[in-house]
Each structure stands twice: as structure tokens, then as C-alpha cells.
Amino acid sequence: MPLPQAPPSRVFVELVPWADRSREKDLVSSGEALPGTCRPLSSAQAQIAPREVHVSGTALVSARPDRAQVVVRVSSTKEAAAEAKKSVSRRLDYVAQSLRQQGVQAENIIITKDFRRVENAYHMEAEVCITFTEFGKMQNICNFLVEKLDSSVVISPPQFYHTPGSTENLRRQACLVAVENAWRKAREVCNLVGQTLGKPLLIKEEETKDWEGQIDDHQTSKHSDSLTVQEKIKSTTIHAASKVLITFEVKGKEKRKKYF
């Protein structure tokens, strides 16, 4: 059985300038039919309709780690408890004195001690956890301790990290730079066509992301303990990218007054 033929339909369209968008929405929401004729804009209406420029701006910013932590372990195993404590305390005092001489503040040094019995002997172990903000000073101190102390003192490889809030601050910085780039682009476009850039009408952050490591997301296959200091710094560097869309008002070129 053939399907019944659908009745013919008619479509009515009206081209509405930007200034009359509210009227168009009112007509549609109230269920009224839009007029079927396209009325040309008068010169006054054309001047009322705002002129705009839409631009996008992108930015990519990076931040190296601002903290590093090194742990110095001192241990001794002796048959007498007093000898084990004395051996560790002597070297521990030397480490603390060296740190003070190098300008490391007391609030950046944490010392923990562990004393226990191992079979027929006593084992004493101490850890000095040091937080550095200057990586050059950190390397100099670690090299000095390795040179002056024996193999019973173990210095861990530095662990780099960021202070809390660093990622959020970097995201904010990326957004601000992207907005500035978009503004510069819009200003250059207006200058090129002989117009003046007005105030921003809309600012929207279209995309944002952040990650840690290489910018090209290429991660090294080396184990973290075998990385050099510079490789560790790069692997813990954080990056933030932002893309914004901005709509600016466009003004006519201001005419300079002539004074006679």
C-alpha cells in the first residue's frame, strides 16, 4: 500500500540584525509566525548594530620544581649500646654542623633516630631529611658530605617536587597570558583595517590542561634512580596550556581634531 503524500510545507525566514535578536526570541517563544518578507536595514539600524571581532588566544607556560629533598642516613651496629649511639651521634653532629655552615635553616632540617637490638648487637640509625630551595647549594653540600664521610653514611638522590598550589597558579598564569595574546591579536587586526579596538564583550576559556614531564609528552625510559639531576628536574617540570575565545567591540577610527 503506498504511503500517503505529505502536505507541502512552507518556511518563513526573517534576517534580524544583532540589535533585534531579543525581538526574534520573543516572537518564537510566543508562538507567533515570523514575517515572510526580508526588510532591508535602514542606515540608522545599521549604525546601531554593534561591530565585533572574535579572536582566540593560546598560551603555554612551564614551571620547574621549586623544592628538593635529600635524606642522609647514618647507621652503626655495635656490641655495646653506648658505642653504637656514640658512633652515630659523632657523625650526626658533623652533618648538622656542615649544614649550618652552608646556610641551611633549622626549619628545613628534620632528624629522626631509631635504636634497636639486632641479635647480639645494638643497631643505631639516624636520618637527616633536608629540604633545599637552591639546587646549586644542594649539590655542593651533598658532594662535600660524600667526600668527608665514610661509606657508612648514605646520601639519597634528590627528590624534586612543587610546593602546594603551584599547579593552580600555573593554570591561572596560562589563562592570563592567553587573554593577553588574544587582546594583542585583536588590536593588530583592528589597526590593519583602520579601526579602533573597544572593550571586551565576552571572555571564555575554551580549553585548559596541565601535565608533568616533557612538553612533547615523551617520557624517558630510564629508571628514576639512574636519571641525572637535570633529567630529574625536567621530568618533574609542570606545564599548563590554555585557550581562550574573546569577543571585542570594534569602534570607528577616531578622527583627530584640527586646530587652526
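The sections below set out a description of the structure shown in this document. Everything quoted here is computed from the prediction, not taken from an experiment. (Residues numbered from 1 in each chain as written. Predicted model: local features only at pLDDT ≥ 70, side-chain atom pairs only at ≥ 80, totals over all residues. Heavy atoms only, no water.)

## Quick word on the overall build of the protein chain
Condition: Helix and strand labels come from DSSP, where a helix needs a run of H or I of at least four residues and a strand needs a run of E of at least two; each type is numbered from the N terminus. Per-residue and other accessible areas follow the Shrake-Rupley method at a 1.4 Å probe size, with only the shown protein chains counted as cover for residues.
Secondary structure assignment for the protein chain yields six helices and eight strands. What you see in the protein chain, going N to C, is helices and strands ordered as α-α-β-β-α-β-β-α-β-β-α-β-α-β. Carbon together with sulfur atoms contributes 52% to the accessible area of the protein chain, which is approximately 18,300 Å² in total.

## Quick word on the sheet that holds strand 1 (residues 52-63)
So the rule is basically this: Pairing between strands is defined by DSSP: at least two bridges between the two strands are required. Orientation is described by lines fitted to C-alpha atoms, with helices fitted over the stretch in contact, and by angles between N-to-C directions that extend from 0 to 180 degrees.
Judged by pairing direction, the sheet is antiparallel, and its three strands sit side by side in the order 1-8-7 without closing on themselves. Looking along the sheet, the strands with just one partner apiece sit at the ends: strand 1 and strand 7 (196-212). Taking the axes of each pair of neighbouring strands and ignoring which way they run, one obtains an average angle of 15° across the sheet. Of the strand pairs in this sheet, strand 7 and strand 8 (residues 238-251) are connected by 13 bridges, and their pairing is antiparallel. In the strand pairing of strand 8, T196 is matched with K251.

## Points about the packing of aromatic side chains
We apply this condition: Here a pair means two rings of Phe, Tyr or Trp (six-membered ring of Trp) with centres within 6.5 Å. Their orientation is stacked below 30 degrees between planes, edge-to-face above 60, and tilted elsewhere. Relative accessibility decides the category of a residue: with a 1.4 Å probe and only protein chains considered, values under 20% of the type maximum give buried, values over 50% give exposed, and everything between is partly exposed. For a lysine, the NZ atom is tested; for an arginine, the CZ atom; a charge sits over a ring if that atom is within 6 Å of the ring centre and within 35 degrees of the ring normal.
Within the structure shown, the criterion is met by two aromatic pairs. An angle of 5° between the planes, with centres 5.8 Å apart, marks the rings of F115 and Y122 as stacked. On the basis of relative accessible area, F115 is assigned to the partly exposed category, the value being 33%. Overall, the relative accessible area of 21% leaves Y122 in the partly exposed class. Taking 5.0 Å as the distance between ring centres and 75° as the angle between the ring planes, the aromatic pair formed by F135 and F160 counts as edge-to-face. Here F135, found in helix 4 (residues 135-148), pairs with F160, found in strand 6 (residues 159-161); they are 25 residues apart in sequence, far enough to count as distant. Overall, the relative accessible area of 14% leaves F135 in the buried class. Accessibility expressed as a relative area gives 9% for F160, which makes it buried. Stacked on the ring of F115, the Lys or Arg K85 has its end atom at 4.8 Å from the ring centre.

## A word on the pattern of salt bridges
Two side chains carrying opposite charge are able to pair once their charged atoms lie near each other. To keep it simple, the criterion reads: Definition used for salt bridges: Asp or Glu carboxyl oxygen within 4 Å of a side-chain nitrogen of Lys or Arg.
For the structure shown, the criterion picks out seven salt bridges. Notably, a salt bridge pairs R171 with E168, separated by 2.6 Å at the nearest N-O pair. Note that R171 and E168 are positioned in helix 5 (residues 166-192) at a spacing of three residues, about one turn of the helix. Accessibility expressed as a relative area gives 27% for R171, which makes it partly exposed. Taking relative accessible area as the criterion, E168 reaches 41% and is therefore assigned partly exposed. E180 serves as the salt-bridge partner of R184, at 2.8 Å between the closest nitrogen and oxygen. Here R184 pairs with E180, and both are found in helix 5, just four residues apart, close to one helical turn. What you see here is one network of salt bridges that share partners, running through E168, R171 and D210.

## A few points about the nonpolar core
Defined as follows: To define a nonpolar core, start from buried Ala, Val, Leu, Ile, Met, Phe, Trp, Tyr and Cys residues and group those joined through side-chain atoms within 4.5 Å. Contacts: residue pairs with any heavy atoms within 4.5 Å of one another.
If you look at the biggest cluster of nonpolar residues, it comprises 24 residues, and the most contacted ones within it are V72, V95, L99, V128, I130, F132 and M138. At the level of elements, strand 2 (67-78), helix 3 (81-101), strand 4 (121-132) and helix 4 are the ones that each hand at least two residues to this core. Dropping the residues within four chain positions of it, V95 is found in contact with V72, V128, L145 and L149.

## Describing helix 5
The condition that has to hold: Expected helix span is computed as 1.5 Å times (number of residues minus one).
Spanning 27 residues, helix 5 covers 39 Å between terminal C-alpha atoms, matching the ideal 39 Å at 1.5 Å per step. Among all positions in helix 5, only S166, L170, A174, C175, A178, A182, A186 and C190 are buried. Close packing links the buried residues of helix 5 with strand 1, strand 7 and strand 8. Just downstream of helix 5, G194 is the residue with a positive phi angle, here 75°.

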